[in-house]
Amino acid sequence: MNGWDVMTDLVVLLSVASLLGVVAERLRLSSIVGAILGGMLVGPGLLGWVHNDHLEVQYVAEFGVALLLFTIGLEITRDKLVAFGLQGAVVGVLQVVITLVGGALAAWLFGWGIGGSIAIGAMVALSSTAAVARTLFDSGQLESQHGRMAVAMLLVQDLAIVPLVIGLTILGGPIEIQEVAAEIGFAGARMVGAVLIIGLVAVLLIPRLLHSSHLSGNRELPIVLAVVTAVLAAWLSHELGLSAAVGAFIAGLALANSPFARQIRSDVTGLKAIFLTIFFASIGTLADLSWIFTDNHIVTVIMLACVIVVGKAILSGFAARLAGVATGTAMAAGICVAQIGEFSFVVGGVAGAEGLLDEETLNLLVAASVVTLLFVPMMIAIAPRLAGWLGRGSSGEASCGRGRVIVIGIGPSSGAALESIRNAGVPITVIDFNHLAVQRQRDCGDEGIVGDARRVELLAAAGVANARLVLLSLPDPKAAAAVCQQVRVLAASVPIIVRCSYNRAEASLRSAGATDVVLEEEAVGLVLGRAVADRLEQPPV
């Protein structure tokens, strides 16, 4: 396969995935669903335009996951890491162990042997880092309690790949105890080495280069340097036998406290979107549609996918609950990771090579995995509502937003209002697309969410259901009306004050649920009238 064949596959995947992603968004579904369906359409199981054995495409797709984890690492400052790290690690380990045991026990009860059952349990234990982290970020839930718990589970799962592969190799045939101990020791040493090397480079070298006078005033080189940092970290981690995504995440963590963190995050956003689209489309190519739609396999696949989603959500939530996480947060986090992820295919490949699983079983598990990935956006949309419902009256996530003022849209028109709210001693949560504006409000002590307030799941994560007041300062009346409608879905009685740029839009805003509408044209008229009166009171020159 030459370079142009790879380019052709990438163009086909991007084109079809983008087209179906637009269709999915118009149907109020996630673009992830469209990308996966696009991969299934052009994959070997249907049109055959792209083959899932093209490793070059898979490497490019994995780069998208690495960039995603790199940007997530940039969001987690050292203070957040220290405050959350230990409990998150405990939750992650418990989730892997409990889900693996539960999946293996279920497979054994259905007639698989011990080795095959453990292999199935290992596959079920792993979730999709890319799909979950991307959807949490897009919906504004990444900073929520259940979002952070879900990310902790995902990171531990990525680290667990090495011991899981070693364990399946042992089950596949006779192996010396000394070899096992040596391999585990080498894996631990590689992990420590990766953390030290990536951390030192990111903390000591990269900030110095960014401060360099040669880069000052140059817009392109800092972007290249940021991407190179993520790529080198991912490559080093891969070469040391670890997950490339984990290496990129460590690099992001190391740079999170850098003054350049926000700029780097902004710089790589476009690249991340492109490569993640390729990634999700490449996952879709793994589904063999010709096999799925023969001999009623489709019924078995859908039933298995539903059992996996429900069972894994319960087991993962139970694991978080054992670690002391509030019930609502635990179950919401469990729902977020209740799918089979991309690294399960790696584990399944090892299990097949070792003779633990036959080809029919692997086809079934891969097909069910792809189906569970289609559920991810819907499950994560449900998560904050479940957290609020189960946590009502407790210290869980339902208290998020209680007594707060939710301010949607940051700009000159909302500045005086924000100051008045602070002077009244009322806590504030701001929502805006501009991450720099949100960060400025965080620096003032407010909570901030970057995202589209027209998404009901983002409003739920902000705690609109328990808010004292919602203030909309959006220049676009149509967008403001859409947000009002979504707020009313979650909170029927919370007061909503809306800025209205044009008098003619007042009726539509009130019908959408606005309690008070502040008309800019009237406000400007009052100010103009006051200015004229003041000027007329002065003696003529």
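In this text, all values refer to a predicted model and were calculated from it rather than measured experimentally. (Residues numbered from 1 in each chain as written. Predicted model: local features only at pLDDT ≥ 70, side-chain atom pairs only at ≥ 80, totals over all residues. Heavy atoms only, no water.)

Moving on to the packing of helix α7 (residues 145–172) against helix α16 (residues 343–353). In contact at an axis separation of 10 Å, α7 and α16 are set at 10° when each is read in the N-to-C sense. When the axes of α7 and α16 are compared, the pair comes out roughly parallel. In this structure, α7 contributes Asp-158, Ile-161, Val-165, Leu-168 and Thr-169 to the contact, and α16 contributes Phe-343, Val-347, Val-350 and Ala-351. Residues belonging to the contact of α7 with α16 are distributed by class as follows: 7 nonpolar, 1 polar and 1 charged. (Axes fitted to C-alpha atoms, helices over the stretch in contact; angles between N-to-C directions. Helix = DSSP H or I, 4+ residues; strand = E, 2+ residues; numbered from the N terminus. Parallel < 35°, antiparallel > 145°, perpendicular 65-115°, else oblique. Contact = heavy atoms within 4.5 Å. Nonpolar A, V, L, I, M, F, W, Y, C, P; charged D, E, K, R; others polar.)

Take the packing of aromatic side chains next. As enumerated under the stated definition, the model contains 1 aromatic pair in all. Taking 5.3 Å as the distance between ring centres and 70° as the angle between the ring planes, the aromatic pair formed by Phe-279 and Phe-280 counts as edge-to-face. Accessibility expressed as a relative area gives 5% for Phe-279, which makes it buried. (Phe/Tyr/Trp six-rings, centres within 6.5 Å; stacked < 30°, edge-to-face > 60°. Buried < 20%, exposed > 50% of the residue type's maximum accessible area, 1.4 Å probe, protein only.)

By size, the foremost hydrophobic cluster in this structure holds 125 residues, and its most contacted members are Phe-70, Leu-136, Phe-280 and Leu-357. Top contributing element to this core by residue count: α7, with 13 residues. Not counting the four nearest positions on each side in its chain, Phe-70 is found in contact with Ala-226, Thr-229, Ala-230, Ala-248, Phe-249, Ala-251, Gly-252, Leu-255 and Ile-264. One finds Leu-458, Val-487, Val-498 and Cys-500 within the second-largest nonpolar core, a separate group that totals 30 residues. (Core = buried A, V, L, I, M, F, W, Y, C linked by side-chain atoms within 4.5 Å.)

Before going further, it helps to spend a moment on empty space enclosed by the protein. What the rule picks out here adds up to 2 cavities of 30 Å³ or more. Taken together, Asp-158, Leu-159, Val-162, Leu-242, Ser-243 and Val-246 form the lining of the second largest cavity. With 3 residues, the single largest contributor to the lining of the second largest cavity is α7. Along the lines of polarity and charge, the residues of the lining of the second largest cavity split into 4 nonpolar, 1 polar and 1 charged. (1 Å grid on protein atoms, 1.4 Å probe; cavity = no way out; pocket = protein on both sides within 12 Å on 5 of 7 lines; lining within 4 Å. Points joined across faces, edges and corners; volume = space filled by probe spheres on them.)

Of the pairings in the sheet, the one linking strand β2 (residues 428–432) to strand β3 (residues 447–450) comprises 4 bridges and is parallel in character. Pairing of Val-430 across the sheet is with Gly-448, part of β3. Note that the unit made of β2, helix α20 (residues 435–443) and β3 has a crossover that is right-handed. (Pairing = 2+ DSSP bridges. Right-handed = clockwise from strand over helix to strand, strands pointing away.)

Attention now goes to unusual backbone geometry. At Asp-295, a position not held by glycine, the phi torsion is positive, near 55°. Mapped onto the elements of the fold, Asp-295 is located in the loop between α13 (289–292) and α14 (297–322). A positive phi angle is found at Asn-296, which is not glycine, with a value near 60°. Note on Asn-296: relative accessible area 61%, which makes it exposed.

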